Amino acid sequence: MKDTQIKKLIEAERKRQKRVINLIASENYVSKDVLEALGSELTNKYAEGYPGARYYGGNEVMDKVERLAQERALELFKLSPDEWAVNVQPLSGSPANLAVYLALCPPSRNPDSSFQPARVMGMTLAHGGHLTHGHKVSATGKFWTQVPYGVDEKTEVLDYEKIKEIATREKPAIIVAGYTAYPRIIDFKKFREIADFCGAYLMVDMSHFAGLVAGGVYPSPFEYADVVTTTTHKTLRGPRAAMIFSRRDPPNMIGRAGARELPKKIDKAVFPGLQGGPHLNQIAAVAVALAEAARPEFKKYTKQVVKNAAALAGELARLGWRIVSGGTDTHLLLVDVWMNGKGIGGKEASERLEKAGIIVNKNTIPFDTRSPVDPSGIRLGTPAETTRGKQEKDFTEIAKKINEVLRK
Ligand code: DSN
């Protein structure tokens, strides 16, 4: 590289990544093949539109790239192309979620031409939901009205009766399940029943656990959801990008006007609704990651990710730290480091850990009494360090080191 300034910065970041223990639950380390696809000449091409229907010439190769990514995505999650479609163009998770709301329940206008926002039922940010599940600071909370739900105060897990009660009362157009800081398995069947009961679409945002679904260590949402969104760079271990899967015949749409229209609506919402030219280098890198995730080694990897998270949670609990919901079934855990004033704040915890070479993020815990800028918790995840070969015994050691640093 001739640009020495950027070259130095890339080198510095490469070294930083090597030096630290990375426990950011949403990060991972991609393969050389993924990097090669990302850094390829595919970045030079405009391909607005979809395979076979582009607005620019010269797209015969790009069509093949995009179709291959679509085929691999459906195959990885064991989906028949007769039942499911997938859009691989979203640049990342936030635009993917926005595209779904735009497609399924666009804001309408009142007679006085003011906006009439539809209702999106999503988990509140403080309990583990994502900004794009309707939080007021996100466009999704400005053009849609969030119907918030959360976890039970005592158990810190989802209370499906309560969720049903809220959905029945508020009648949202979409119910979103799948979160950024929820360490437990989600009962998608129960969500389907609730969605059917109140006539809502069921959208699952599996960004965090997509890799675990692919590896067979987390239940697949596809049997129950109408739409599934996912980023591709977390447990799935691909480049930063996203995908939207949509059912050709959503159960509560069969026979109704608009049935079989869902994938078309999603495609239109992504392009031209929200985005311009797709990033085909990124889509090619997604295709590479999808093929990698279909290999037996990836299954082993995801098993280890979950075992490692259990080992980390178990040892931290043994050392006296409160783990939100009492543990984890996934790749992540939330540690209550504040413990009602007996411990330290999440901000201080993450800063101290960073100084000791352990990278985490501060995180609210359900019913947090502190603020999001200095919450009561930290979120820890095992995907990145498992990619580097760490096992349970290593995570037990990491837990000990975390304990030392936090108790100083
Ligand atoms: N920022 C991601 C996470 O860390 O979970 C979600 O978008």
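Rules behind the numbers
- Residues numbered from 1 in each chain as written.
- Predicted model: local features only at pLDDT ≥ 70, side-chain atom pairs only at ≥ 80, totals over all residues.
- Heavy atoms only, no water.
- Helix = DSSP H or I, 4+ residues; strand = E, 2+ residues; numbered from the N terminus.
- Contact = heavy atoms within 4.5 Å.
- Patch = residues over 30% accessible without salt bridge, like charges linked within 9 Å, V, L, I, M, F, W, Y side chains within 5 Å.
- Areas by Shrake-Rupley, 256 points an atom, 1.4 Å probe, with all protein chains shown as cover.
- Salt bridge = Lys/Arg side-chain N within 4 Å of Asp/Glu carboxyl O.
- Lys, Arg positive; Asp, Glu negative; His and termini not counted.
- Charge placed at Lys NZ, Arg CZ, Asp CG, Glu CD.
- Pairing = 2+ DSSP bridges.
- Axes fitted to C-alpha atoms, helices over the stretch in contact; angles between N-to-C directions.
- Buried < 20%, exposed > 50% of the residue type's maximum accessible area, 1.4 Å probe, protein only.

Asks: Can you help me understand the environment of proline 239 in this one?
Replies: Tracing the sequence through the fold places proline 239 in the loop between strand S11 (227-231) and strand S12 (242-247). The sequence separation of proline 239 and methionine 121 amounts to 118 residues, and the corresponding C-alpha distance is 29 Å. Contacts of proline 239, omitting those with residues within four sequence positions, involve Val30, Val34, Leu38, Thr232, His233, Gln282, Ala285, Val286 and Ala289.

Asks: Quick question: what am I supposed to make of a positive patch on the surface here?
Replies: Taken together, Lys78, Lys299, Lys303 and Lys307 make up a surface patch of like positive charges. The topology assignment puts lysine 303 in helix H11 (residues 296-318).

Asks: For this particular structure, what's the right way to read the sheet that holds strand S17 (residues 377-381)?
Replies: Strand pairing in a sheet relies on backbone hydrogen bonds. The paired strands run either parallel or antiparallel. In space, the 4 strands of this open sheet follow the order S13-S14-S17-S16, with antiparallel pairing throughout. Strands at the two margins of the open sheet, each flanked by one partner only, are strand S13 (322-323) and strand S16 (361-363). As judged from the 5 bridges shared by strand S14 (residues 332-336) and S17, these two strands associate in the antiparallel manner. Its bridge partner lying in S17, valine 335 is registered against isoleucine 378. Against the sheet, H11 contacts S13, S14 and S17, and its axis sits at roughly 15° relative to S14.

Asks: Teacher, can you tell me more about the pairing of S12 here?
Replies: Moving residue by residue along a regular strand, the side chains alternate between the two faces of the sheet. A large share of S12 lies buried, amounting to 6 of its 6 residues. Side chains Ala242, Ile244 and Ser246 project from S12 onto one buried face, and the interleaved Met243, Phe245 and Arg247 project onto a second face that is buried too. Across 4 bridges, strand S4 (residues 84-87) lies against S12 in antiparallel orientation. The partner of tryptophan 84 across the bridge, within S12, is arginine 247. Bridge count between S11 and S12: 5 bridges; the pairing is antiparallel. The partner of threonine 230 across the bridge, within S12, is methionine 243.

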